[in-house]
Amino acid sequence: MNPETAIRHAKSLVEVVRSDARTSDENRQLSQSIANAMAVCNLYRIAAPQEFNGLDADSKTQMRVLEIISRGSGAAGWNLMIGVEIFGLLAPSLCTCKDLLADPLTIMAGSTAFVGEAEACNGDHRVSGQWQFVSGIHNADVFGATVRLTQKGKAIDDTLYYAMIPKGQYEILDTWHVAGLRGSGSHDVKVNEVSVPPDRIVATLGHGNMRSKQLNLPLGVRLTFNKVAVALGIARSGIDAFCELASGKVPRFSTRTLYQRPFAHQAVARAEARLRGARAAMYEHAEQVWDVCQSGDQLSYHDRAIAHILACDAVKAAIESVNYVTEAAGTSANVLGSPLERIVRDVRVVQQHVTVAPHHMEDAGRVLLGMEPRGILLM
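A brief structural summary.

**With respect to the packing of helix 1 (residues 3-27) against helix 2 (residues 32-40)**
Running from N to C, helix 1 and helix 2 cross one another at 165°; their axes reach a closest spacing of 10 Å. Between helix 1 and helix 2, the interaxial angle falls into the category roughly antiparallel. For the pair helix 1 and helix 2, the crossing hand works out as left-handed. Contacts between helix 1 and helix 2 involve Leu13, Val16, Val17 and Asp20 on the former and, on the latter, Ile34, Ala37 and Met38. Grouping the constituent residues of the contact of helix 1 with helix 2 by class yields six nonpolar, no polar and one charged.

**Points about the sheet that holds strand 5 (residues 171-173)**
If you trace the seven strands from one edge of the open sheet to the other, you get 5-6-2-1-3-4-7, paired in mixed fashion. A single partner strand is all that each edge strand has here, and the edge strands are strand 5 and strand 7 (201-203). Taking the axes of each pair of neighbouring strands and ignoring which way they run, one obtains an average angle of 30° across the sheet. Alignment of strand 1 (residues 108-121) against strand 2 (residues 124-134), held across five bridges, turns out to be antiparallel. The residue of strand 2 that forms the bridge with Ala120 is His125.

**Notes on the side chain of Arg200**
Within the secondary structure, Arg200 is located in the loop between strand 6 (187-196) and strand 7. A relative accessible area of 18% means that Arg200 is categorised as buried. A polar contact of 3.1 Å, which involves the side chain of Arg200, links it to the side chain of Asp99. In this view, Arg200 contacts Cys97, Asp99, Leu100, Tyr162, Ala163, Met164 and Pro166; residues no more than four positions away in its chain are not counted.

How each quantity is defined
- Residues numbered from 1 in each chain as written.
- Predicted model: local features only at pLDDT ≥ 70, side-chain atom pairs only at ≥ 80, totals over all residues.
- Heavy atoms only, no water.
- Axes fitted to C-alpha atoms, helices over the stretch in contact; angles between N-to-C directions.
- Helix = DSSP H or I, 4+ residues; strand = E, 2+ residues; numbered from the N terminus.
- Parallel < 35°, antiparallel > 145°, perpendicular 65-115°, else oblique.
- Left-handed = near helix turned anticlockwise from the far one by under 90°.
- Contact = heavy atoms within 4.5 Å.
- Nonpolar A, V, L, I, M, F, W, Y, C, P; charged D, E, K, R; others polar.
- Pairing = 2+ DSSP bridges.
- Buried < 20%, exposed > 50% of the residue type's maximum accessible area, 1.4 Å probe, protein only.
- Polar contact = N/O pair within 3.5 Å; in protein donor to acceptor, adjacent residues only side chain to side chain.

The following block contains the structure:
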């Protein structure tokens, strides 16, 4: 598979993903049929090493695939994004347990929202803990749990690892009771003293000794790009939904359809301009970052700061674009089950993720003024 094929596969799934969006939203987890379709098209592995049937694709290709799927459904795009990042950043560490990913349809899920314990015991490790925000766990075959190695209850060192645990050895807790991105199924996972052999305790995200272009990028920058792509795709779906609505809706106390109203014209124009401008800037810088990092050079703090500035602004632009068209749509955007109602909920959640949260603007601004960064994402 090459980048063009991956993008073509993503486009072929958009309508199927869109038709399932309401079902996944109501069930609070991504439908298995959608996850399977993305796995069959090898989309989860577009950032994985070639040894795992991956594409090891550049940032722009990954972003484009995720943006396309998110145009069909934000929840599907989010789940795919998490899977792409898990494969891209964790798979290079899995040289000791390649059997876990031998089946090309295998899907991985993981979480860094908690650090569990891996207690040394008779040559293996007893893993316990409860991890939050495990997007797509119902669709996964393998769960990667962030752990700290312990002995007699005390940490051996400060290094974090991932414990690779197959399906059936962990419990999914029904905890994802939310409004936005309901369909991502980001429930908790509980592991209770599961025995994990040493070859399934691997280096954490962004490390590993398997050849991978993804490891050349600073982790903080790498993690921002794909979140932005999901937001851009959701916003595009918002404009799509508004245009479809406008062609047939006749607002109350009016004899004209919505698409004939000057206010609707102004709203869609503003949404288009805001979204396209932020998207172009983000894609341009993502390409620059990729080229610098693949050349063997270190990415400067200035370029890291610009990446976070553009990422935060692009997510904000996605939200603003949706706000423009929902304001013009009137009460239709608040009807349960309507595409716009779900899109409004979904797009706002992206900004809440730590990698693209608006407070990074301040730290990035410090760097532009010649000061040292304080936040971990810019270091």
